[in-house]
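Overview (structure and organization)
Now for the letters of each chain:
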Amino acid sequence: MKTDFVLQCILALQQAIETHQADIESLDREIGDGDHLINIRRGCTVVVAMIEDLRPLPPHEAFTRIGKKLLSSIGGASGPLIASFFLAMGDSLRASEQETITATNFSPAFSAGVEAICLRGKASLGEKTMLDVLIPVAKTFAGLAGQADTPAICHALRAEALKGMLSTKDMLATKGRAAFLGERAIGHIDPGAKSCQVAITAICDTVEQAIGASTTTAVA
Ligand code: ADP
Ligand code: MG
């Protein structure tokens, strides 16, 4: 996987956020301040605007540039958290000294990104945030990378993301704006968990389609 494919995934992610815009927006209206969709959309727009500048770069450099740009352009609690995710992934991929992304170097990069969110947000599992999707997905990915084939990994990560997103419904929020609501947040899915689940699903779908297309070409 090279930078071109990373950019294809970003376009698919943007499209998926648009498809699920109503859900994401209403969740943040219910237990936040209603701006999560605006923040995520803004992030997608600024990254998509950088696509032609990112295309010639190695993946680690593309992730670092995306992180830096997001740091200065998305608002809300989610902006700096998502920016730190991309910056940490860039650092991890740079350290792997490989120009191509594989499950074996992307899984530790993804875990490093999730760890950076935990540190920045001072949060962990079970606090009704995006981490309730990202932590289990990172763990499952680490267990399967290098062990299972790519379609099996995509299948498992999509299922884990869905489970994590749904798990936030009955949680009490202890981080972010929803924490101010106390028990009133119970019964609502966390908006950040929803947008991460949508993003992970879109990326897994894009990876699977790319494999399917290359298999079909190989067979034809
Ligand atoms: P804001 O809360 O400032 O309005 P957004 O609406 O863009 O920002 O993002 C809200 C999402 O950010 C929440 O749904 C939650 O998933 C995530 N979030 C908030 N605080 C934290 C934190 N400390 N750690 C991890 N994620 C958090
Ligand atoms: Mg908000």
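Let us look at the structure shown here. Position numbers for residues count from 1 along each chain, tracking the sequence in the order it is written. Chain letters start at A and ligand numbers start at 1, both assigned in the order the entries are written. Selection of residues for local features in this predicted model requires a pLDDT of at least 70, selection of side-chain atom pairs for listing and counting requires 80 or more, and totals for whole chains, interfaces and linings are taken over all residues. Note that the side-chain values use all heavy atoms of the structure and ignore hydrogens as well as water.

A closer look at the side chain of Thr-140
Note the cut-off: In DSSP terms, a helix is any run of H or I states spanning at least four residues, a strand is any run of E spanning at least two, and both are numbered starting from the N terminus. Note on definitions: a residue-residue contact is assigned when non-hydrogen atoms from the two residues lie within 4.5 Å.
Of note, Thr-140 is situated in helix α8 (residues 131–144). Residues contacting Thr-140, with those up to four places away along its chain left out, are Ala-156, Leu-157 and Glu-160.

Here we look at the coordination of the magnesium ion (ligand 2)
Our working definition: Donor atoms: N, O and S within 2.8 Å of the metal, or within 3.2 Å for Na, K and Ca. Because water is excluded, sites can look incomplete. For every residue, the accessible area obtained with a 1.4 Å probe (protein chains only) is divided by the maximum for its type, and the residue is called buried under 20%, exposed over 50%, and partly exposed between those limits.
Coordination sphere of the magnesium ion (ligand 2), protein contribution only: Asp-28 (OD), Asp-33 (OD) and Asp-35 (OD), at 2.0 to 2.4 Å. Binding-site remark: the magnesium ion (ligand 2) is held by donors from one chain whose sequence spacing is D-x4-D-x1-D. Its relative accessible area of 7% is what places Asp-28 among the buried residues.

Topic: the site of ligand 1
So the rule is basically this: Here a residue is considered near a molecule or strand provided that any single heavy atom belonging to it is located within 4 Å of it. Any pair of N or O atoms that falls within 3.5 Å is considered a polar contact. Within protein, one atom must be able to donate a hydrogen and the other to accept it, and sequence-neighbouring residues count only if both atoms are side-chain atoms. Calculation of accessible area relied on Shrake-Rupley with a 1.4 Å probe; when residues are assessed, cover is drawn exclusively from the protein chains displayed.
What surrounds ligand 1 is a group of 20 residues, the closest being Asn-39, Ala-77, Ser-78, Met-130 and Asp-190. Within the side chain of Asn-39, a nitrogen or oxygen atom sits 2.7 Å from an oxygen atom of ligand 1. Within the backbone of Met-130, one N or O atom sits 2.9 Å away from an oxygen atom of ligand 1. Burial of ligand 1 by the protein amounts to 93% of the accessible area it has alone, namely 570 Å². Elements represented by at least two residues in the shell around ligand 1 include exactly α3 (36–49), α6 (78–95) and α10 (191–219).

Let's talk about the pattern of salt bridges
The test is simple: Note on definitions: salt bridges are taken to be side-chain nitrogens of Lys or Arg within 4 Å of carboxyl oxygens of Asp or Glu.
Counted under the stated rule, the structure contains 13 salt bridges. Note that Arg-177 and Asp-33 form a salt bridge whose closest N and O atoms lie 3.0 Å from each other. With a gap of 144 residues between them, Arg-177 in the loop between α9 (150–167) and α10 and Asp-33 in the loop between α2 (21–31) and α3 connect regions that are remote in the sequence. Notably, a salt bridge pairs Glu-61 with Arg-65, separated by 3.1 Å at the nearest N-O pair. One end of the pair, Glu-61, and the other, Arg-65, are both in helix α5 (residues 59–73), 4 residues apart, so they sit about a helical turn from each other. With relative accessibility at 22%, the residue Glu-61 sits in the partly exposed group. Connected through salt bridges with shared partners, the residues Glu-61, Arg-65, Asp-91 and Arg-94 form a single ionic network.

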